[in-house]
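The lines below spell out each chain.
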Amino acid sequence: MDFREDVDLDASQVEDRGSGFPGGGLMLGGGIIGIVAVIGALLLGVNPASLFSGDDARPAPPRQGTALNEQCRKGSDANQSEKCRVVGVVNSIQHYWQGVFAERGKHPYSTARTVLFSGQVSTGCGQAGSAVGPFYCPADRRAYFDLGFFDELERRFGAKGGPFAQAYVIAHEYGHHVQNLLGNMSRVGRDREGADSASVRLELQADCYAGVWAKNALDTGFYDKPFTDNDIREALDAAAAVGDDRIQERTQGRVDPEGWTHGSSQQRMTWFTTGYATGSPARCDTFSGGI
Ligand SMILES: [Zn+2]
């Protein structure tokens, strides 16, 4: 997965909040906020209630750091550095969805920033720590990634990793942004757990949207050639690694579909594949019928 060397990157879509509060760990114990807001926004099968603290959704802090603007100007930079690669992936994903929204003509796409952090981060959904894993906060319309998570994906979750695994995770979070713009996030309501829950359906739709982007990525003009089978295998491997059954087996030693929030490994791979095979967001209707 290489970027076209001469393509312009728009680094303003990514904020680098740098070092954060190293060693701070998760701040727990405050009131639970934004459960509805964060539901479905997490990649991993963790309880959202344990992730955020604080009594109120607070506004996101002002943007910090402009270093990415200087570092990440061209596709060639994205081929060299991990942070610039994130910029390139985010640019391609948003370029794709912008086009889809424009074609439909109902409402315009609004750009969502990605925030890179390490340790702790203050978000419109409250304070969050690295343990959260990547997430999307509907309240401030930002996707949050601790780049360390991707090592974690390999170490703790046994994924093969690789640049395309990372691209899948980013595209999944932007899937949530699309759902937020389309109003699908509110479909979850209280139906937050269980193999057939709205939460699982929302997550699988985000996986499907990630596959749809992958299929259309070449047309966004950011990449120099189509993704390879190996790229797609990396995405599927990452999707499988974060399946609820796989995580439960590892953490509890047994599988309990009643507790699923994101879907099984098989379901996550299946829906990514549906998106990738069809390239059509309309085929990502996970809310009606079997999943
Ligand atoms: Zn998710």
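Presented here is a report on the structure given in the accompanying data block. Remember, predicted model here, so these are calculated numbers, not experimental data.

Definitions and limits used
Residues numbered from 1 in each chain as written. Predicted model: local features only at pLDDT ≥ 70, side-chain atom pairs only at ≥ 80, totals over all residues. Heavy atoms only, no water. Helix = DSSP H or I, 4+ residues; strand = E, 2+ residues; numbered from the N terminus. Expected span 1.5 Å × (residues − 1). Phe/Tyr/Trp six-rings, centres within 6.5 Å; stacked < 30°, edge-to-face > 60°. Buried < 20%, exposed > 50% of the residue type's maximum accessible area, 1.4 Å probe, protein only. Lys NZ or Arg CZ within 6 Å of the ring centre and 35° of its normal. Donors = N, O, S within 2.8 Å, 3.2 Å for Na, K, Ca; no water. Salt bridge = Lys/Arg side-chain N within 4 Å of Asp/Glu carboxyl O. Pairing = 2+ DSSP bridges. Axes fitted to C-alpha atoms, helices over the stretch in contact; angles between N-to-C directions. Contact = heavy atoms within 4.5 Å.

**Focus on helix 4 (residues 82-104)**
Moving on, step 1. Helix length check: helix 4 (23 residues) gives 33 Å between terminal C-alpha atoms against 33 Å at 1.5 Å per residue, within 8%.
Moving on, step 2. Positioned one or two residues after helix 4, Gly105 has a phi angle of 70 degrees, which is positive.

**Side note on the packing of aromatic side chains**
Moving on, step 1. In this structure the tally under the stated criterion is 15 aromatic pairs.
Moving on, step 2. Relative to Phe150, the ring of Phe149 has its centre 5.5 Å away and its plane inclined at 75 degrees; by these criteria the two rings are edge-to-face. The exposure classification of Phe149 matches that of Phe150, with both residues buried.
Moving on, step 3. Grouped by ring-pair contacts, the aromatic residues Phe3, Phe164, Trp213, Tyr223 and Phe227 constitute a single cluster.
Moving on, step 4. Seen from the ring of Phe287, Arg187 lies directly overhead, with NZ or CZ sitting 4.2 Å from the centre.
Moving on, step 5. The ring of Phe157 is capped by Arg250, whose NZ or CZ atom sits 4.7 Å from the centre of that ring.

**Section: the coordination of the zinc ion**
Moving on, step 1. Distances from the zinc ion to its protein donors, His172 (NE2), His176 (NE2) and Glu203 (OE), fall within 2.0 to 2.1 Å.
Moving on, step 2. Mapping the donors of the zinc ion onto the primary sequence yields the spacing H-x3-H-x26-E. Of this pair, His172 sits in helix 6 (residues 163-182) while Glu203 sits in helix 7 (residues 198-216); the two residues are 31 residues apart in sequence, bridging distant segments of the chain. One exposure class covers both His172 and Glu203, and it is buried.

**Description of the pattern of salt bridges**
Moving on, step 1. This structure, assessed with the given rule, holds 13 salt bridges.
Moving on, step 2. Put simply, Glu15, Arg17, Arg113 and Arg142 are held in one network by salt bridges that share partners.

**So, the sheet that holds strand 1 (residues 14-16)**
Moving on, step 1. Read from one edge of the open sheet, 4 strands run 1-2-6-5, paired in mixed fashion. Either end of the sheet is taken by a strand with one partner, and the two such strands are strand 1 and strand 5 (135-137). With direction set aside, neighbouring strand axes in the sheet form an average angle of 25 degrees.
Moving on, step 2. In the sheet, strand 5 pairs with strand 6 (residues 142-146) via 3 bridges, with the strands oriented antiparallel. The partner of Cys137 across the bridge, within strand 6, is Arg142.

**Description of the environment of Cys72**
Moving on, step 1. Position of Cys72 relative to the elements: it lies in the loop between helix 2 (67-71) and helix 3 (75-78).
Moving on, step 2. Using a relative accessible area of 1% as the deciding quantity, one classes Cys72 as buried.
Moving on, step 3. Expressed as a C-alpha distance, the spacing of Cys72 and Val87, which sit 15 residues apart in the sequence, is 7.5 Å.
Moving on, step 4. Not counting chain neighbours up to four residues away, the residues in contact with Cys72 comprise Leu9, Ala11, Asp77, Lys83, Cys84 and Val87.

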